[in-house]
Amino acid sequence: MASSPCGSGNFDSGLEIKTRSVEQTLVPLVSQITTLINHKDKPKKSERTQQAIQRVGQAVSVAVGRFVGVGEAIAVENEELKEEMGMACFEARRAGDAIAKLTDVGMPVAPLVDGRKTVFSNRTGMVKAARMLLSSVTKVLVLADRIVIKQIITSRNKVLVTLEQLERVSTFQEFVQIFSQFGNQMVEFAHLTGDRQNDLKDENKKARMAAARAVLEKCTMMLLTASKTCLRHPDCESARINKDAVFHRMRFALEQVMEIVTDARPCGETKVLPLSIYTGIKDFKSNVEGLREGLYSLPHQALSDQLEAVVERTEDFTDSAYTSHEHREGILQLCQLARQDTDQLIVAWREALSLNAKEATEEMELSILKTCQSVHELRRELHKVAVGRAADLLKVHAEHLPLRALKASGGEGNLEAVAEYARTLGEQKEQLVETCRLLCHVSGTEPLEITCIHAEETFHVTGPQIISAAQTLALHPSSKIAKENLDVFCEAWESQLCDMGVLLREINDVFEGRQGVPASGDKRAYLSLPRPGKHSANLKTVKAVKLDTEEQSTIAKLGVDLRLLTSDVDTEVEKWEDQEQDIVRQGQSMSSMAYSMYLFTRGEGLLKTTMDLFHQAEVLSEEGLQLCSSLHTLSTLLNDEEKVVVLSEMEKLMGLCQQLQMGVRTPVQGKTATFQKVDSSIQNTRAIMTVVIYLLPVCNKLVRKYKSERSSLDTPQSWRDRQLSTPVKDDALNGKNSNGFGVKSLEKHMANLTFLESK
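Residues numbered from 1 in each chain as written. Predicted model: local features only at pLDDT ≥ 70, side-chain atom pairs only at ≥ 80, totals over all residues. Heavy atoms only, no water.

Where an unreviewed UniProt entry is consulted, the protein chain appears under the name Alpha-catulin, with the organism given as Salmo salar. Taken directly from UniProt, the Subcellular location (unreviewed entry) text for the protein chain runs: "Cytoplasm". According to the UniProt record, the Sequence similarities (unreviewed entry) comment for the protein chain is "Belongs to the vinculin/alpha-catenin family." (UniProt positions renumbered as here; feature names shortened; annotations may be inferred.)

Okay, here's the thing in structure tokens:
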């Protein structure tokens, strides 16, 4: 958080800002107020500048007035916050008025200096007003944030009540009626928690929220088919076990969401992640490198104990039946080397202490470097083993042979074959669970560790659920509902394998220094503050269709490929030397838009309705056509053979973009037609991104070649930097520079505080 002009970024010690929406709404205000106060350092102002600053003060007052109006409207809708919100709004309005008066050059408090007026000589008064404004605005925003939490809790309570009703139903008619209500409640809960997930500042909480929401997303469809199967076959024990497991997991996930949203822990417990090898090595290296400046910072034995704790955790690798002899020996040798280097460091450390040295000696410095290098090599070897095993497993599971066999044997009513293939699936489940545990050790960030733990739990739970669903089908081979139920659980398993592939790439990105988008994250910050409906008269409300739970589950499969393609585009973009090149910028932009469409397939992110999706697809197609224009410009600089390659792909890209554009602009009616349009939009976007991922490395190679052959390549406008940054001058006060401190800029920021204009 940016610091306040009062010298402190903490406006109220009782207010903790936990969401980006609150923080990002305040940052521009802090910046503008700070700039306003700093103008006191330049006492001589032109008449033009004085008038501009006066308009700024008035704009602050007007914008705060609008902001307070919405705060008061929220207070009316939420009786329990009425008193607190009212006081905060009163203070904000008073502070805004004070700033307007202090910046009024017509006030008699502004004396003449060399024939020119100074602006707000009463700097103490301005600082006091700024502090009050920032504190009161922060309080209003934090109170509004409490309303979001209340909405999530209320939504969750509705879901729990309906969940209990679903568990007790005894007839199909009753089930269908209640499940319809449950589905609508889950969609509402998914949107509220999705907004909250994207808004959280704490990346670990975001990852935990993503994991819990993923469970709820998959379990909603499982609950439907498992309950139907149990109703159709009420005396079947395997069907009951299957259903009970789904209900239990949903309740557990709902409880996890509440823990994250409310910061509550059952019985006051503090949930701590199991210590990973990556974290252990990171802390060990930090202590080793800290010896350079602090020879007396910790006892010798502490360093040895810390390394031994890391070595002990490598037993998860060396004790595994799936680790090859070669890899096991390599890990053990590197552990021994790390011990030897640490022992030598301790010897050099003791010698330095005996000499009363104040900093590390040359011998000790050498030992520090060797120790850090040896544990780095250990981490590299463990990473290679974990990632290699995961990649091999994903290849093995690509054909989903045990799942196919279980479906076939269950449909034939062959209980013996089901038992045999269940053992095979059980073995694969154990391999996947163990591999997720190894990936957790080397993941490189806590959010990815959380995602690895979620993957481990999902495989551990879903495996037995598939087996119980297959047993039910084998007992009732002609049952269409039992077959549908098994299909749903198998799809959940396949989906988790796809997620594991994405996770694997993200772990590799972190290890190789390409810190991409977290597994749980969004490429853009999203503001989830409430917008009171009946007070939003100036908003255009558009009715649009939201996908139901079944459609969301179906479309999510298409989104996985889109996610992988955006990751590939991001990787290729990073390889370009000139990040401001048109092709690079357009590729990045399309990747970001495609990623938001991927999030839509998961029921997350900025795109909430089908209308949002179609608009995003249209904008992506327009950006794709701009990319075609850039490719055409590039082709004019190439020889005939190279030109043919680029133009061929450019024509393909242009055709796909036009196809997408026409598709999203074509009006449709009815639920089925709308879903088909969504499906087509995602598939066309996927085809476009496939061409983009092919073009980026080709164009990068051609640009590099052209630069090396012709030193004059930088002359054409299309290859030059778009613009140079220029310092902000007094003209910015009159709104001539949109990035400067101008009336329009401040008014816009203050207007954005009103929630009404946050979208």
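(A) Representation of the overall build of the protein chain. The helix and strand inventory of the protein chain stands at 22 helices and two strands. Counting across all 759 residues of the protein chain, residues that qualify as buried make up 52%. With the model as given, the accessible surface of the protein chain reaches about 35500 Å², and the carbon-plus-sulfur share is 51%. (Helix = DSSP H or I, 4+ residues; strand = E, 2+ residues; numbered from the N terminus. Buried < 20%, exposed > 50% of the residue type's maximum accessible area, 1.4 Å probe, protein only. Areas by Shrake-Rupley, 256 points an atom, 1.4 Å probe, with all protein chains shown as cover.)

(B) How the structure looks around helix H7 (residues 237-262). Over its 26 residues, H7 extends 38 Å from the first C-alpha to the last, a length consistent with the 38 Å expected when each residue adds 1.5 Å. Positive backbone phi, at 60°, marks Asp263, one or two positions downstream of H7. (Expected span 1.5 Å × (residues − 1).)

(C) Focus on the packing of aromatic side chains. According to the stated counting rule, one finds four aromatic pairs in the structure shown. When the ring of Phe179 is compared with that of Phe182, the centres are 5.8 Å apart and the planes differ by 45°; the resulting orientation is tilted. Taken as a pair, Phe179 and Phe182 lie in helix H5 (residues 172-199) at a separation of three residues, close to a single helical turn. Plain terms: the ring middles of Tyr595 and Tyr598 are 5.4 Å apart, the flat faces sit at 50° to each other, and that makes the pair tilted. Of this pair, Tyr595 and Tyr598 are both found in helix H18 (residues 582-601), three residues apart, which corresponds to roughly one turn of the helix. The same class applies to Tyr595 as to Tyr598, namely buried. Through successive ring pairs, a cluster of aromatic residues spans Phe175, Phe179 and Phe182. If you follow Lys677 out to its NZ or CZ, it ends over the ring of Phe614, 4.3 Å from the centre. (Phe/Tyr/Trp six-rings, centres within 6.5 Å; stacked < 30°, edge-to-face > 60°. Lys NZ or Arg CZ within 6 Å of the ring centre and 35° of its normal.)

(D) Main features of the pattern of salt bridges. All chains considered together, the criterion is met by 29 salt bridges. Notably, a salt bridge pairs Lys429 with Glu430, separated by 3.0 Å at the nearest N-O pair. In this structure, Arg505 engages Asp568 in a salt bridge whose closest nitrogen and oxygen atoms are separated by 2.0 Å. Of this pair, Arg505 sits in helix H16 (residues 480-511) while Asp568 sits in helix H17 (residues 549-574), and the two are 63 residues apart along the sequence. Overall, the relative accessible area of 31% leaves Arg505 in the partly exposed class. (Salt bridge = Lys/Arg side-chain N within 4 Å of Asp/Glu carboxyl O.)

(E) Spatial organisation of the environment of Glu416. Along the chain, Glu416 falls in helix H14 (residues 415-442). For the pair Glu416 and Gln471, spaced 55 residues apart in the sequence, the C-alpha separation amounts to 9.9 Å.

(F) Quick peek at the packing of helix H13 (residues 401-411) against H14. Their axes nearest at 9 Å, the elements H13 and H14 cross at an angle of 160°. On the basis of their axis angle, the class for H13 and H14 is roughly antiparallel. At the point where H13 passes H14, the crossing takes the left-handed sense. From H13, Pro402, Leu403, Ala405, Leu406, Ser409 and Gly410 reach across to H14, where they touch Ala417, Val418, Tyr421, Ala422, Thr424, Leu425 and Gln428. When the residues that make up the contact of H13 with H14 are grouped by side-chain class, the tally is nine nonpolar, four polar and no charged. (Axes fitted to C-alpha atoms, helices over the stretch in contact; angles between N-to-C directions. Parallel < 35°, antiparallel > 145°, perpendicular 65-115°, else oblique. Left-handed = near helix turned anticlockwise from the far one by under 90°. Contact = heavy atoms within 4.5 Å. Nonpolar A, V, L, I, M, F, W, Y, C, P; charged D, E, K, R; others polar.)

(G) Inspection of a negative patch on the surface at higher detail. Side chains of Glu312, Glu315, Asp316 and Asp319 sit close together on the surface and give a patch of like negative charge. Checked against the element boundaries, Asp316 lands in helix H10 (residues 315-318). You can call Asp316 partly exposed: its relative accessible area is 34%. (Patch = residues over 30% accessible without salt bridge, like charges linked within 9 Å, V, L, I, M, F, W, Y side chains within 5 Å. Lys, Arg positive; Asp, Glu negative; His and termini not counted. Charge placed at Lys NZ, Arg CZ, Asp CG, Glu CD.)

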